[in-house]
Amino acid sequence: MRLAVLKERRAGETRVAATPETVKKFLALGVTAVAVETGAGMASGIPDAAYREAGAEIAPDAAAALAGANIVLKVRAPLAAGEGELDELSLIPKGALLIGTLEPFAASDAPGGRAAAYAAAGIDAASMELLPRITRAQSMDVLSSQANLAGYRAVLEGATAYDKGFPMLMTAAGTIPAANVFVMGAGVAGLQAIATARRLGGRVSATDVRAAAKEEIRSLGASFVGVDDAEMASAQTAGGYAKEMSEDYKRRQAEVIAAAIAKADVVVCTALVQGRKAPTLVNDAMVASMKPGSVIVDIAADAGGNCTATVPGEAITTANGVKVLGWRNWPGRIPAAASSLYARNLLTFLTTFWDKEARAPKLPPEDEIVRGVTLTRGGAVVHPQLAPAAA
Ligand code: NAD
C-alpha cells in the first residue's frame, strides 16, 4: 500500500495534506511507503528533510510521487487537463483512493464535473468536506478544524487592520475605548472569532439565525443581536446547518443588525448556508454607516461573501474609509496550524477505516461517514447528491 502526498498547485494554496507526524503514523499503521513530492510542505514551513526523517521518500515531481500510489492525499482537487500547469488527474493510478476537499459541486473543466472525471479515471474519490456533522466524525471534520483557525486568523487580521486597539487602554495620556466587534454567523468559525476577540479585550456581539447559536454566543460572553422568532426556532437543518431564511426574516434581521454594524469598529463575517452562495448580510448602506478606519473581515468571501463591498481575493478600502478584507482561503493564511490539523483529520479518517490484516483501507459503503464522503467507487459516481439514481 503506497501513499502519495502532492504539492498543492491551486492558486494561493499554502497547505499540505500530510505532516511528518502523520507520515510516521501512516507507516506505523502498515502503509508500505509514503512518497511526498518535493517542496510539498514548504509553504507550511515543513522542509523535505523533515518528511524524510519521518520515513517518507521524497519524489522529484508529481509523476514520481504518484507512480504506483494506492492512496493519494490532497488538500484541494487535483488539477485536471486545462486547469493549470499540470494535469495531475491523469497521473493518478487507476484504482487509487483519492482523499481531499474535492469540491465536487464547483465549476470544473472536466466534462460532467469533477466526480464524473474521477469515475472515468477509475479513481475512488472521497471528499472530506461532505463529512456528516455527527459526533463520531468530529475528529476527522476538516470543515471544523479549518473554520476554527479561519475564525481565529480573521480576528487577528481585523485587529491589525484596525488602527486603534481592541482592549480599553487606560494610560497616563488618557483612555482609548475598547473596540466594538460584531461577529456575523456563530458556527465554528464565528464562535472562535468571538472567543479570540474577547481574549484581545474587544466588546463583542454576534448574530446568527439558529436558536442553538444564541446560547453559544452568550456562553462565550458576547451579546446576541438578531431576530428570535418562530423561524429562528426552525432555522437549523437535521445536519446542524442553517437554512436559507425567508425574505421577511432577512428584512427584519437587517433592521436589527444595521444598528450593531453602525456602532461596530470591526465586523467579522462568517455566515454560510451549505451548498449555496453566502447570505448577503451587510449591504452598501450599512457599510456607509460605519466609521472611517473601521474594518470588515469577510471569511465567507470564498462563497461570495456576506458583505456587498467584499471583493473576493482582495482587501479594499471603501469611499468612506472602511477597510474590507475579502481574502480567500482563510485557513491557508495560518498554514502550519491548518496543515497540521487537516493532516490529522485525514489520518483519523484512514485509521478509522483501516483493515489491519489487509493493511489497506476498508470503506464500508453502508457506513454513514463513508456514504457521506464517497463520490465515486469502482468507476461510478455514487454520491447521493451527484447520482440520485444510484442512492
Ligand atoms: P457554517 O459554516 O455552515 O455557517 C456558519 C454560521 O453562519 C452558522 O452558524 C449559520 O447558522 C450561520 N448563518 C447562516 N445564515 C445566516 C444568516 N442569514 N444570518 C446569520 N447567520 C447565518 O456552519 P458551521 O460552522 O459549519 O456549523 C454548522 C453546524 O454544524 C452547527 O450547528 C455546528 O454546531 C455543527 N457542527 C457539528 C459538528 C459535529 O458534531 N461533528 C462539528 C462542527 C459543527
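Fair warning: this is a prediction, and the values are worked out from it, not measured in the lab.

A. Representation of the overall build of the chain. In terms of regular secondary structure, the chain is built from twelve helices and 19 strands. Seen along its three principal axes, the alpha-carbon backbone of the chain occupies a region of about 65 × 50 × 40 Å. Among the 391 residues that make up the chain, the fraction classed as buried is 49%. Contacts in the chain between residues at least 24 apart in sequence constitute 67% of all its contacts with a sequence separation of at least 6.

B. Structural view of the environment of Met-128. By secondary structure assignment, the location of Met-128 is in the loop between strand 6 (124-127) and helix 5 (142-161). Separated by 168 residues in sequence, Met-128 and Ile-296 have C-alpha atoms that sit 29 Å apart. Not counting the four nearest positions on each side in its chain, Met-128 is found in contact with Ile-99, Gly-100, Thr-101, Val-142, Asn-345, Phe-349 and Val-373.

C. Structural detail: the sheet that holds strand 15 (residues 323-325). The strand order across the open sheet built from seven strands is 11-10-9-12-13-15-14, with neighbouring strands paired in mixed fashion. The sheet terminates laterally at strand 11 (223-224) and strand 14 (315-317), the two strands that pair on one side only. Against the sheet, helix 9 (residues 247-263) makes contact with strand 9 (180-184), strand 10 (203-207) and strand 12 (266-269), and its axis sits at roughly 140 degrees relative to strand 9, the strand it touches most.

D. A look at the site of the ligand. Around the ligand, 32 residues are found, and the nearest of them are Gly-185, Gly-187, Gly-240, Ala-242 and Ala-271. Put simply, the parts of the chain that give the shell around the ligand at least two residues each are helix 5 and helix 6 (188-199).

E. Spotlight on the sheet that holds strand 1 (residues 2-5). Spatially, the six strands line up as an open sheet ordered 3-2-1-4-5-6, and their pairing is parallel. With partners counted over all chains shown, the strands left at the sheet margins are strand 3 (57-59) and strand 6, one partner each. Between one strand and the next, the sheet's axes are offset by a mean angle of 20 degrees, whatever the strand orientation. Judged from the three bridges that link them, strand 2 (residues 33-37) and strand 3 form a sheet pairing that is parallel. Pairing of Ala-35 across the sheet is with Glu-57, part of strand 3.

F. Region of the structure containing the pairing of strand 6. What you see with strand 6 is no split at all: Asp-124 and Ala-126 on one side and Ala-125 and Ser-127 on the other are buried throughout. Where strand 5 (residues 97-101) meets strand 6, four bridges bridge the pair, whose relative direction is parallel. In the sheet register, Leu-97 faces strand 6, and the bridge partner there is Asp-124.

G. Molecular detail of helix 6. End to end, helix 6 covers 17 Å across twelve residues, agreeing with the expected 16 Å (1.5 Å per residue, within 8%). Counting buried residues along helix 6, nine of its twelve residues qualify, which places the element largely inside the surrounding structure. Taken residue by residue, helix 6 has Val-188, Ala-189, Gly-190, Leu-191, Gln-192, Ala-193, Ile-194, Thr-196 and Ala-197 as its buried positions. Buried positions along helix 6 lie against helix 5, strand 9, strand 10, helix 7 (211-219) and strand 12. After helix 6 finishes, the residue Gly-201 shows a positive phi value of roughly 100 degrees.

H. Representation of helix 1 (residues 20-29) within the structure. Where helix 1 is concerned, the buried positions are Pro-20, Thr-22, Val-23 and Phe-26. With its buried residues spanning 160 degrees around the axis, helix 1 presents them on a single face. Those residues of helix 1 that are buried are in contact with strand 1, strand 2, helix 2 (48-53) and helix 11 (335-352). Just downstream of helix 1, Gly-30 is the residue with a positive phi angle, here 120 degrees.

I. Layout of the pairing of strand 1. With four bridges joining them, strand 1 and strand 2 adopt parallel strand pairing. Bridging from a neighbouring strand, Val-5 pairs with Val-36 of strand 2. In this fold, strand 1 hands off to helix 1, which returns the chain to strand 2; that crossover is right-handed. Looking at chain direction, strand 1 and strand 4 (residues 71-76) are connected through three bridges and run parallel. Opposite Val-5, over in strand 4, you have Leu-73 as the bridge partner.

J. Summary view of the packing of helix 5 against helix 6. Their axes nearest at 7 Å, the elements helix 5 and helix 6 cross at an angle of 35 degrees. As for the relative orientation of helix 5 and helix 6, their crossing is right-handed in sense. The segment helix 5 lies against helix 6, with Ser-144, Ala-147, Asn-148, Ala-150, Gly-151, Tyr-152, Ala-154 and Val-155 engaging Val-188, Ala-189, Gly-190, Gln-192, Ala-193, Thr-196 and Ala-197. Among the residues forming the contact of helix 5 with helix 6, the class breakdown is nine nonpolar, six polar and no charged.

K. Quick peek at the nonpolar core. One finds Val-5, Val-268 and Cys-269 to be the most contacted residues of the largest nonpolar core, which totals 121 residues. For Val-268, the contacting residues outside a window of four places in its chain are Ala-154, Val-155, Gly-158, Val-181, Val-183, Met-184, Ala-193 and Val-297.

L. Spotlight on the environment of Ala-300. In this structure, Ala-300 sits in the loop between strand 13 (295-298) and strand 14. The class of Ala-300 is buried, set by 29 C-beta atoms lying within 10 Å. As for Ala-300 and Gly-326, which are separated by 26 residues in sequence, their C-alpha atoms are 8.1 Å apart.

What counts, and where the lines are drawn
Residues numbered from 1 in each chain as written. Predicted model: local features only at pLDDT ≥ 70, side-chain atom pairs only at ≥ 80, totals over all residues. Helix = DSSP H or I, 4+ residues; strand = E, 2+ residues; numbered from the N terminus. Buried ≥ 20, exposed ≤ 12 C-beta atoms within 10 Å, placed from the backbone. Contact = placed C-beta atoms within 7 Å. Pairing = 2+ DSSP bridges. Axes fitted to C-alpha atoms, helices over the stretch in contact; angles between N-to-C directions. Near = placed C-beta within 6 Å. Expected span 1.5 Å × (residues − 1). Arc of directions from axis to C-beta. Right-handed = clockwise from strand over helix to strand, strands pointing away. Left-handed = near helix turned anticlockwise from the far one by under 90°. Nonpolar A, V, L, I, M, F, W, Y, C, P; charged D, E, K, R; others polar. Core = buried A, V, L, I, M, F, W, Y, C linked by C-beta atoms within 7 Å.

In short, geometric facts, not functional conclusions.
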